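# A closer look at the structure
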Amino acid sequence: MKNENVYKVLKSLLNKNQDTDYGKRYSFAEVTSLEDYQTKVPVSDYDIYAPFVELTSRIGEHDIVTSSRPFAYSLTSGTLGVPKRFPITKEHIKPYVKIFEKLVLSAQGKTLLLFDSISGYKKYYDKSDLDTILGAILLVDKKKLEGNVLKELFHQNKIVNPNPVLYPSELTNQTYVRLIFALKEKKLEQIISPFSLGIWEMFKCMEENWESLVDDIKNGTINGDIDITQAEADRISTYITPDLARADELAAIFSNGFDSSIAKRIWPNLKRVIAASSGPFKIYADRYSDYLQGVEIDNGFYAASEAIIGRAIGEDGLFELLEDHSVFEFVEVDNTESTPVFSCDVETGKLYEVLVTSDAGLYRYRLTDVVSIEKVENEKVYLKYVGRSKNRFALNGNMVYESDIYSIVKKLEEETNIKVYDYCVHLNDNNECDMLLVDLSDDQDNIDMFKKVSEEQLENITGMKVKQLQPYSQLLYRDVQKFRKQVSPDQIKPIRFLVTPQTEKFFMKLIQE
């Protein structure tokens, strides 16, 4: 985007917030150019914003960083430590809602959502809710906010999930319950999930529990091995009607096995699944593609609580930078002499850390995301997510990020012909990678052979050892975090680097000797 267009977006954000405490302190009203903005307003991080969030949510102060009153606070997944909270205003959530609406309306049939709103678990002094950024999209409908465009989607029955599944009264893993409603709906056309882990978990749950799922569909019950209380099950059961014909049809389908055609045999109209499926999530997309022959796998959007960064182009992790609502700056990685540049001045082939200014009340905020600029065409920037600036290690003179680790894992799979279901790495006190932890799940008996071949390959370049993790360790971590930090399980990202005391302690205990 041309700098003059970037400036228009920036000026709109600054004008709305020039009378806030932050806007007055840094003279938003006096900013006359992009360069002037960089001179007047410092680069920021969460340590700067945390006290402002506390003042707003705990005491009820307002007009600190944003002129709009938050109706919720988004809770991040906390992969780098303590989860962060960001204010969600009507202006900030609007582009997320529009994207969601467009995705759902693009399907003539019904859509299954693998996320929910966790509002109601916690409310703040300013009467706002604690939620996730995707949950806040649903909260727009629940709160009946002005300009709500979601009402018709829910009332026209475009969503498979019934109300109590979208707005659970308890913080639970709803995979099994969602499957009941999804399997009952033969005309399901698409599935939307925050991350590809949710899609993979859904198919694994289906494969392991299909008999109880069929029984529940047949009898209109919820009796499977599920992570919800009886009271919650009773509340949801009122939306389930017995369907003997569909149960018999599904039983016949499942009895014929879970091969690559299973999804289309269950849902003949299924056209696509939408989920973050590149970078650290690619391993799950590779796994659930085994079930999805003939179904499009859409990488969706590169988005965070702080801003929507990009729209997926194809299946190779490429995103087109979206600058309609937020302003992005790029700081060249490992170049101490570099200064932040706007999208018009990025260079192809370089790695940059991203700064964002958005309606979340964030100004030149460090996302800690590192991206590679793949190409610039017709004033559009195309990039790939590489990893987090704090999660990396040196290898043969190059820095290894999240996206690079899976490339190493893939090579080991090819060498051993053994499938890895999940992984993470351990860094020592010198920030060197000394351990690759792998979850082989279905191939646990072959761990000795995998370790021998892998360590022979890795010893030559890194000296790292290979350790076996307890099966489904990432899912176990997610479930533990759900209760400890009161984070929606759908929003918890997999851990790739054991860089915090908490993650190191948790995963090291799951090593199987």
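No experiment lies behind these values; they were computed from the predicted model shown.

### Regarding the environment of Asp345
Residue position: Asp345 is located in the loop between β12 (341-342) and β13 (351-358). Between the C-alpha atoms of Asp345 and Glu329, which are 16 residues apart in sequence, the distance is 9.6 Å.

### Details of helix α15 (residues 402-416)
Under the 1.5 Å per step criterion, the end-to-end length of α15 is 22 Å for 15 residues, consistent within 8% with the ideal 21 Å. Looking at α15, one finds that the buried residues are Glu402, Ile405, Tyr406, Ile408, Val409, Leu412, Glu413 and Thr416. Projected onto a plane normal to the axis of α15, the buried residues spread over an arc of 155° and lie on a single side. Counted as exposed and oriented over 90 degrees from the buried face of α15: Lys411 and Glu414. After α15 finishes, the residue Asn417 shows a positive phi value of roughly 60°.

### Structural notes on the packing of aromatic side chains
By convention here, two paired aromatic rings are described through the distance between centres and the angle between planes. Under the criterion given, the structure shown has 26 aromatic pairs. Residues Trp200 and Tyr421 carry aromatic rings whose centres are separated by 6.0 Å and whose planes lie at 40° to one another, so their mutual orientation is tilted. Pair noted here: Trp200 is in helix α10 (residues 196-219) and Tyr421 is in the loop between α15 and β18 (422-427), with a separation of 221 residues, a long-range link. In this pair, the class of Trp200 matches that of Tyr421, namely buried.

### Here's the deal with the packing of helix α9 (residues 175-184) against α10
In the contact formed by α9 and α10, the axes pass within 9 Å of each other and the chain directions differ by 65°. The angle between α9 and α10 falls in the class roughly perpendicular. Here the hand of the crossing between α9 and α10 comes out right-handed. Judged by residue contacts, Thr175, Tyr176, Leu179, Ile180, Leu183 and Lys184 of α9 engage Glu201, Met202, Cys205, Met206, Asn209, Ser212, Leu213, Asp216 and Ile217 from α10. When its residues are assigned to classes, the contact of α9 with α10 shows nine nonpolar, three polar and three charged.

### Section: the nonpolar core
In this structure, Leu183, Ile191, Phe203, Trp267 and Tyr288 are the most contacted members of the largest nonpolar core, which totals 73 residues. Ignoring any residue separated from it by four or fewer positions in sequence, one finds Trp267 in contact with Ala182, Leu183, Glu185, Lys186, Leu188, Ile191, Met202, Phe203, Met206 and Arg246. Counting 49 residues, the second largest nonpolar core, distinct from the first, contains Val31, Ile64, Tyr124 and Val381.

### Regarding the pairing of strand β6 (residues 272-276)
Judged by how many residues are buried, β6 sits mostly within the fold: five of five residues are covered. Here β6 shows two buried faces, one formed by Arg272, Ile274 and Ala276 and the other by Val273 and Ala275. Bridge analysis of strand β5 (residues 188-195) against β6 gives four bridges, and the strand direction is parallel. Bridge assignment links Phe195 to a residue of β6, and that residue is Ala276. Where β6 meets strand β7 (residues 296-298), three bridges bridge the pair, whose relative direction is parallel. Across the sheet, Arg272 pairs through a bridge with Glu296, a residue of β7. Where the polypeptide runs from β6 across helix α14 (residues 282-288) and back to β7, its parallel neighbour, the crossover connection is right-handed.

### With respect to the sheet that holds strand β15 (residues 380-388)
Here eight strands make up an open sheet; going across it, the order is β8-β9-β10-β15-β14-β13-β11-β12 and the pairing antiparallel. Two strands lie at the open edges of the sheet, namely β8 (301-303) and β12, each paired on one side alone. Here strand β11 (residues 327-332) pairs with β13 via six bridges, running antiparallel. Each bridged residue has a counterpart across the sheet, and for Val331 the counterpart in β13 is Glu353.

### Examining the side chain of Gln174
With respect to the secondary-structure elements, Gln174 resides in the loop between α8 (163-166) and α9. Take Gln174: its relative accessible area is 2%, and that puts it in the buried class.

### Observations concerning the sheet that holds strand β20 (residues 465-469)
Spatial strand order, β21-β18-β19-β20-β22: five strands in an open sheet with mixed pairing. Among the strands making up the open sheet, the edge pair consists of β21 (497-498) and β22 (511-512). Note: β18 against β21, two bridges, orientation parallel. What sits directly across from Val425, in β21, is Phe497.

### With respect to the pattern of salt bridges
Under the criterion given, the structure shown has 27 salt bridges. Between Arg478 and Glu201 there is a salt bridge, with its nearest N and O atoms 2.6 Å apart. You can see Arg478 sitting in helix α17 (residues 473-484) and its partner Glu201 sitting in helix α10, a full 277 residues away along the chain. Accessibility expressed as a relative area gives 11% for Glu201, which makes it buried. Close ionic contact of Asp290 with Lys419 constitutes a salt bridge, the shortest N to O distance being 3.2 Å. Here Asp290, found in the loop between α14 and β7, pairs with Lys419, found in the loop between α15 and β18; they are 129 residues apart in sequence, far enough to count as distant.

The rules we used
Residues numbered from 1 in each chain as written. Predicted model: local features only at pLDDT ≥ 70, side-chain atom pairs only at ≥ 80, totals over all residues. Heavy atoms only, no water. Helix = DSSP H or I, 4+ residues; strand = E, 2+ residues; numbered from the N terminus. Expected span 1.5 Å × (residues − 1). Buried < 20%, exposed > 50% of the residue type's maximum accessible area, 1.4 Å probe, protein only. Arc of directions from axis to C-beta. Phe/Tyr/Trp six-rings, centres within 6.5 Å; stacked < 30°, edge-to-face > 60°. Axes fitted to C-alpha atoms, helices over the stretch in contact; angles between N-to-C directions. Parallel < 35°, antiparallel > 145°, perpendicular 65-115°, else oblique. Left-handed = near helix turned anticlockwise from the far one by under 90°. Contact = heavy atoms within 4.5 Å. Nonpolar A, V, L, I, M, F, W, Y, C, P; charged D, E, K, R; others polar. Core = buried A, V, L, I, M, F, W, Y, C linked by side-chain atoms within 4.5 Å. Pairing = 2+ DSSP bridges. Right-handed = clockwise from strand over helix to strand, strands pointing away. Salt bridge = Lys/Arg side-chain N within 4 Å of Asp/Glu carboxyl O.

Bear in mind that shape data such as this cannot, by itself, settle questions of function.
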